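Each chain, written out:
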Amino acid sequence: MKKILFIFSAFLMISCGNSEEKISEDPADLNSLSGDYNLVEMDGEDIYAEGFILNFNGTEKRLSGKTGCNNFVATYKIQDSIVKFNPPLGTKMYCEGQMEYEEILNEVIPEIRNVRISDKDLIFLSKENQELLNLQKTEDSE
C-alpha cells in the first residue's frame, strides 16, 4: 500500500510541476474569449499605470473600452488565419492632456493581423509579428 501511495504522490507532483501555460496563435481561438483586460503595452510602450480597461468579446467579434477621454469600439473578422480589425469608432470629446494614447490606439488597431493567446494574456501583432497591443485579463474576469 505504501508503494502505491508513493507512486501516486510522485505522479501528482510531476503532473503539477509540468503545468505549462497554453499558448495559441490561431485567431479562431479568439471566438471563445470574452472578458475585461488591462491594456499593459501599446506599440512597445508600457502604459499599465494609465489604468485602461478594454473589453474583448469573441462571440460578437468586438473590442471596446475607454482610453483617457473617449469610448471606442472596434469590430474584427478572421479570414485565412488573419485577424483584421476595422478602424475604431468612438466618441469625439476633447480632453486636455488625455488624448495621446487614444490617437495611438486608433492608429494601432487597424494594423493588427495576428494574435498570441495565453491563459492570461492576449497579444495582438502586426503582419510582421511586432507586438501592437498586450492585454492582460483582469482578476475580475477570471
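Note on numbering: residues in each chain are counted from 1, in written sequence order. With the structure being a predicted model, the display of local features is reserved for residues of pLDDT at least 70 and the display and counting of side-chain atom pairs for 80 or more, all residues being used for whole-chain, interface and lining totals. Calculation of side-chain values draws on the structure's entire complement of heavy atoms; hydrogens and water are dropped beforehand.

For the rest of this paragraph, the subject is the overall build of the protein chain. Across its full length, the protein chain carries two helices and ten strands. Secondary structure elements of the protein chain, listed N to C terminal, follow the sequence α-β-β-β-β-β-β-β-α-β-β-β. Summary of the burial criterion: residues with accessible area below 20% of their type's maximum are buried, those above 50% are exposed, and those between are partly exposed, where the area comes from a 1.4 Å probe applied to protein chains only. Looking at the protein chain as a whole, 37% of its 142 residues qualify as buried. We call two residues contacting when some pair of their heavy atoms lies within 4.5 Å. Residue pairs at least 24 apart in sequence account for 48% of intrachain contacts in the protein chain once pairs closer than 6 positions are excluded. The method behind every accessible area is Shrake-Rupley, applied with a 1.4 Å probe, and residues are considered shielded solely by the protein chains displayed. Accessible area of the protein chain: about 9,100 Å², with a carbon and sulfur share of 51%. Working definition: helices are DSSP H or I runs of at least four residues, strands are E runs of at least two. Numbering for both runs from the N terminus.

The next point concerns the packing of aromatic side chains. Planes of paired rings set the category: under 30 degrees apart is stacked, over 60 is edge-to-face and the rest tilted, where pairs are Phe, Tyr or Trp rings (Trp by its six-membered ring) whose centres lie within 6.5 Å. Tallying each qualifying case throughout the model produces five aromatic pairs. Both rings, one in Y76 and one in F85, keep their centres 5.0 Å apart while their planes meet at 40°; by these two values the pair is tilted. The class for Y76 is buried, based on a relative accessible area of 5%. With a relative accessible area of 5%, F85 lands in the buried category. Between the aromatic rings of F85 and F124, the centroid separation amounts to 5.3 Å while the plane-to-plane angle is 85°, which identifies the pairing as edge-to-face. Taken together, the residues span a long stretch of sequence, with F85 in strand β6 (residues 82-85) and F124 in strand β9 (residues 121-125) at a distance of 39 residues.

Moving on to the environment of E107. Here E107 shows up in helix α2 (residues 100-108). Remark: the alpha-carbon pair of E107 and P88, spanning 19 residues in sequence, is separated by 8.9 Å.

As used here, the term nonpolar core means buried Ala, Val, Leu, Ile, Met, Phe, Trp, Tyr and Cys residues forming a set that is joined through side-chain atoms within 4.5 Å. L30, F56, L63, F85, L122, F124 and L133 are the most contacted members of the largest nonpolar core, which has 27 residues in total. Those elements that place two or more of their residues in this core are β1 (34-42), β3 (53-57), β5 (70-79), β6, α2, β8 (114-117), β9 and β10 (131-137). Not counting residues within four places of it along the chain, the set of residues in contact with F124 comprises L30, F56, F85, I112, N114, V115, Q130, E131, L132, L133 and L135.

Turning our eyes to something else, we now look at α2. Inspection of α2 places Y101, E102, L105 and V108 among the buried residues, and these make up the whole buried set. What you see down the axis of α2 is that its buried residues fit within an arc of 130°, all on one side. In this structure, the buried residues of α2 make contact with β1, β2 (45-46), β4 (62-67), β5 and β10. To be clear, the arc concerns the directions from the helix axis to the C-beta atoms.

In short, shape yes, function no, at least from these values alone.
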